[in-house]
Amino acid sequence: MVSSGITGRTRPTKVKKHAAAQKRKRDDVDVEKLEQAVEELDPRNGSYRDFTDLPLSEPTKQGLKSSHFAVMTDIQAKAIPLALKGYDILGAAKTGSGKTLAFIVPVLENLYRLQHVGMDAGLGALIISPTRELAIQIFEVLRQLGKQGHMFAAGLVIGGKSLEAERQALTRMNILVGTPGRILQHLSQTVAFNVDDLKMLVLDEADRILDMGFQRDVDAIIEYLPKERQTLLFSATQSRKLSDLARLSLQDPEYVSVHAEDRTATPKTLQQNYIICPLEEKMDTLWSFIQASKKSKILCFFSSAKIVRFVYESFRHMQPGIPLLHIHGRQKQGARLDTTAKFSAAKYSCLFATDVAARGLDFPAVDFVIQVDCPEDADTYIHRVGRTARYNREGRGVLFLAPSEEEGMLKRLEAKNVPIELINVRQKKRQSIKSQLTHMCFKDPALKYLAQKAFVTYAKSVYLQKDKETFKLKEYDFEGFAASLGLPGTPRIKFLKDDDAKQKKQASREALEVSDTSAEGEGEEDGPAKKKAKTVRTKYDRMFERQNQDVLADHYKKLVKNDLDATDADDQDLNGEAGEDAEDDFLSVKRRIPAEASISDVVPEDTEATTKDQKVVHLQGAKQPLIIDSKRRENLLKSKKKVLKLMDRGKKLVYDDEGNPHEVYELEDEMDFKARGLPGEQRKKFIETAREIVAEADVQDKAAAKAKRKEKTRKRKERERMEAEGVDVEDGGVTLDVNQEDLLANFRADAEASESGEVRGKKWFQEDESDEEDKGKKKRKGKRRAKVEIEEPQTLEDMEALAAGLLG
Ligand code: ADP
Ligand code: MG
């Protein structure tokens, strides 16, 4: 019966006029009498035991009676009289000791006596809770108590609902229960929401509401509220910081602390134990515990939503034999409500929760509270464990502590008077689920992803803990933990590495002494990460081991996605066994290396920079990647014209009448083609004509080459003759002995030589360049081709000219 959203009046609204008038009259009398009785009340008397001992209105009395509340709890007996008299109260009492009624009764009563009721009265009391679930529970108690005759309009604002719908109802409210964020939202955005006449402000789980997380919201809310008001603060653990009290403008508050002088800070009916459980055994121990307690209601606390999800999802698939539930702040409101309702109603169930469920929630009859992840401080411990052994019922709390957490945490708990005893886990009864988890993670990438996330958030939460005496980052076996979650390797976590920078340096120094082969062998070996931890790991080992990069580097995931997909399937066929999962990531990493190596094949062998300082640029529209190994090549990229040259040539297409592109040859009419004879014959004919053309061209080419050779020989002889005659031709200087004719001829020859050289040079140069662009095989082919063509310039002169052209 969890109600959500705003509800209207707590009584049917159709009251006959006459009846209403009658009631008003009765109320008047009632109110006056009550006022007097409250006036005479001695809050420090201490003799009040039952609710009926107090001057309460008829509707409240009825409400209490219908809920079977007769005898007050300690905190109620002390706080209610004071609150009725209008004092500000700082109430502290153990979990499950009935604090809710300690403020609900005064709220109803004080507003009743003030007749702060009806649409025009505006908001009379504001009750703030740190979580939605708790707000709902408080609202439920209020409703139960108020429905026997009170006329207040009470509402619940917790977010997750339409703001607009809430707005409409909000203006009519007399009592409002809500979470800080949503209340502030309405105060700042809902114009008609009038709080000027607020009489009471209540903070349940006050220490939580006043701490850092809510500070800004709460301060802003206070700004809107009138200073003249009654303020009630309640919590199981309460700080009495003066600054907090000043923030709330409390006036001479009464400290009502019923259990302060108690030997323990937790209920007497609560049995509290802790076990020493290394990180890597947590999953096994928890599973075994649940298996051994199937006929109970268990609440397990974890440090983050991610772990809750992982444990819930994985355990769910292993037939735990007990209904599993989970709750965390990242769920939708509906799911959260559903879960709390289900867990409340369940006889046997196990609920995995974050600290959203740690405070205030009153689940009936919880047998065990298991704190799987160590609480951040003793207060959190107390609140968590307080979900069981409520209102004199019995309950047990079990805290899992890693060996390194024991000393620090026990110190904190001792300081808060928490009696806790060490117990042992029966090793015989402990089942190992590691291989099952590993197998599940292997088969289901989504679960593996969850495990990775869970691991990372866990590590992060430890890293961010304030209490460094309890949470010693370096003492945790994270690798073992990752393996226990079913992960094939330990996800890389930056801060863990940063923290270990020194060690890392040392390790790499040592690694130098380890031979390369051993490092390689280790990289290929695919056992659990734990084994590797014992030997020195090099940078490359770590690189090979990095199997979960997708947790932290999305782009990496994209890079290797296709490879992964392919190898995943293969692996599944080959190794269905536990611990083999690493293979998929490993392979994917391995793949990246040959891909890079193949690039070096592209580079000409005589190029030195095959490994260092070279980049590969994939030009759009070019089949081959471009290797940038020098400044000149890099500059090349800046020129549009040059880049265009590197692109693959487009081909000519012809468009038909319908605008569809076709290859040029395609468009010939089939009939025409056939008319010219059989295809075989046509081909023969074509080859013949082509051969003729080529032969002709060949003759011409040879003649031209011969002429050129002749010319060159002549030129060389000329030069030799001139040298013999002492003419300096090197700088083109002209001496008296040389006639114009010769000179001109000389120049012409030079020009010709350089010209032909240039032309050829260009051609050769291009050949080279395309060579560079080619991949391995092609390059070698190109070389062979180059050799054949080199035969063409037959003389040394040819070569020289060619070289000159190249240089030119
Ligand atoms: P707290 O806020 O101190 O943790 P709650 O107000 O949630 O405790 O109350 C714990 C349980 O005790 C609730 O289930 C509530 O119904 C019950 N309870 C509270 N006061 C009384 C009372 N006077 N008589 C009987 N049961 C009570
Ligand atoms: Mg409470």
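Residues numbered from 1 in each chain as written. Chains lettered and ligands numbered in written order. Predicted model: local features only at pLDDT ≥ 70, side-chain atom pairs only at ≥ 80, totals over all residues. Heavy atoms only, no water.

**Some remarks on helix α15 (residues 403-415)**
Here's step 1: Approximately 25° is the largest bend angle found in α15, and it occurs at M409.
Here's step 2: Of the residues making up α15, those classed as buried are S404, E405, G408, M409 and L413.
Here's step 3: Among the residues trailing α15, N417 stands out with phi positive, at a value near 60°. (Bend = angle between axes of the 7 residues up to and from the residue. Helix = DSSP H or I, 4+ residues; strand = E, 2+ residues; numbered from the N terminus. Buried < 20%, exposed > 50% of the residue type's maximum accessible area, 1.4 Å probe, protein only.)

**Details of the layout of surface pockets**
Once rolled over the atoms, a probe with the size of a water molecule shows which space is left empty.
Here's step 1: Quantified by volume, the largest pocket comes out at close to 1500 Å³.
Here's step 2: In this structure, the largest pocket is lined by 46 residues; those nearest its centre are R208, D211, D355, E376 and T380.
Here's step 3: Secondary-structure elements contributing two or more residues to the lining of the largest pocket are α8 (206-210), α9 (212-224), α10 (242-247), α12 (305-316), α14 (378-385) and α17 (445-464).
Here's step 4: No other element matches the five residues that α14 contributes to the lining of the largest pocket.
Here's step 5: For the lining of the largest pocket, the per-class residue count stands at eleven nonpolar, 15 polar and 20 charged.
Here's step 6: Split by domain, the lining of the largest pocket shows at least three residues from each of two domains, domain 1 (28-257) and domain 2 (270-484). (1 Å grid on protein atoms, 1.4 Å probe; cavity = no way out; pocket = protein on both sides within 12 Å on 5 of 7 lines; lining within 4 Å. Points joined across faces, edges and corners; volume = space filled by probe spheres on them. Nonpolar A, V, L, I, M, F, W, Y, C, P; charged D, E, K, R; others polar. Domains from an automatic or database assignment.)

**Notes on the packing of aromatic side chains**
Here's step 1: Applying the stated rule across the entire model yields ten aromatic pairs.
Here's step 2: On the basis of an interplanar angle of 35° and a centroid distance of 5.9 Å, the ring pair of F455 and F481 is categorised as tilted. Taken together, the residues F455 in helix α17 and F481 in helix α18 (residues 478-484) connect sequence positions 26 residues apart. Grouping residues by exposure puts F455 and F481 together as buried.
Here's step 3: Between the NZ or CZ atom of R44 and the centre of the ring of Y87, over which it lies, the distance is 5.7 Å. (Phe/Tyr/Trp six-rings, centres within 6.5 Å; stacked < 30°, edge-to-face > 60°. Lys NZ or Arg CZ within 6 Å of the ring centre and 35° of its normal.)

**Regarding the site of ligand 1**
Here's step 1: The immediate surroundings of ligand 1 are formed by 17 residues, with V71, G96, K99, T100 and D362 found nearest.
Here's step 2: Contact distances for ligand 1 include 2.8 Å between a nitrogen atom and a side-chain N or O atom of Q76.
Here's step 3: Contact between ligand 1 and K99: an oxygen atom at 2.7 Å from a side-chain N or O atom of the residue.
Here's step 4: Burial of ligand 1 by the surrounding chains reaches 84%, relative to a free accessible area of 560 Å². (Near = heavy atom within 4 Å. Polar contact = N/O pair within 3.5 Å; in protein donor to acceptor, adjacent residues only side chain to side chain. Areas by Shrake-Rupley, 256 points an atom, 1.4 Å probe, with all protein chains shown as cover.)

**Quick notes on the nonpolar core**
Here's step 1: Core analysis: the largest hydrophobic core is formed by 66 residues, its most contacted members being L286, F310, F315, F352 and I370.
Here's step 2: In terms of residues, this core owes the most to one element, α17, which gives nine residues.
Here's step 3: In contact with L286, not counting residues within four places along its chain, are C300, F302, V311, F315, F352, I370, V372 and F400.
Here's step 4: Of all hydrophobic cores here, the second largest spans 64 residues; its members include F51, L111, L142 and L299. (Core = buried A, V, L, I, M, F, W, Y, C linked by side-chain atoms within 4.5 Å. Contact = heavy atoms within 4.5 Å.)

**Thoughts on a positive patch on the surface**
Here's step 1: On the surface, a cluster of positive charge is made up of R632, K641, K642 and K645.
Here's step 2: For the positive patch, the element with the highest residue contribution is helix α28 (residues 640-646), accounting for three residues.
Here's step 3: With respect to the helices and strands, the residue K642 is situated in helix α28. (Patch = residues over 30% accessible without salt bridge, like charges linked within 9 Å, V, L, I, M, F, W, Y side chains within 5 Å. Salt bridge = Lys/Arg side-chain N within 4 Å of Asp/Glu carboxyl O. Lys, Arg positive; Asp, Glu negative; His and termini not counted. Charge placed at Lys NZ, Arg CZ, Asp CG, Glu CD.)

**Some points on the UniProt feature "short sequence motif: Q motif" (unreviewed entry) in the protein**
Here's step 1: The feature "short sequence motif: Q motif" (unreviewed entry), as annotated in UniProt, sits at residues 49-77 in this numbering.
Here's step 2: For residues 49-77, helix accounts for 45% and strand for 0%, while the C-alpha atoms at its two ends are 6 Å apart. (UniProt positions renumbered as here; feature names shortened; annotations may be inferred.)

**Here's the deal with the side chain of K99**
Here's step 1: On the secondary structure map, K99 appears in helix α4 (residues 99-114).
Here's step 2: For the buried K99, no salt bridge is present, and the opposite-charge side chain at shortest range is E205, 5.5 Å distant.
Here's step 3: If sequence neighbours within four positions are ignored, K99 has contacts with I75, A93, K94, F234, S235 and A236.

**A word on the pattern of salt bridges**
Here's step 1: Enumeration over the complete set of coordinates arrives at 27 salt bridges.
Here's step 2: A salt bridge links R208 to D211, with the shortest nitrogen-to-oxygen separation between them at 2.8 Å.
Here's step 3: Note on R208: relative accessible area 29%, which makes it partly exposed.
Here's step 4: Between K282 and D373 there is a salt bridge, with its nearest N and O atoms 2.7 Å apart. In this pair, K282 is assigned in helix α11 (residues 282-292) and D373 in the loop between β12 (368-371) and α14, connecting sequence segments 91 residues apart.
Here's step 5: The class for K282 is buried, based on a relative accessible area of 3%.

**Overview of unusual backbone geometry**
Here's step 1: At A389, a position not held by glycine, the phi torsion is positive, near 55°.
Here's step 2: Topologically, A389 is positioned in the loop between α14 and β13 (395-401).
Here's step 3: Of the residues examined, A389 reaches a relative accessible area of 3% and is grouped as buried.
Here's step 4: Notably, Y391 is not glycine yet its phi reads approximately 45°, a positive angle.
Here's step 5: The residue Y391 is located in the loop between α14 and β13 in this model.

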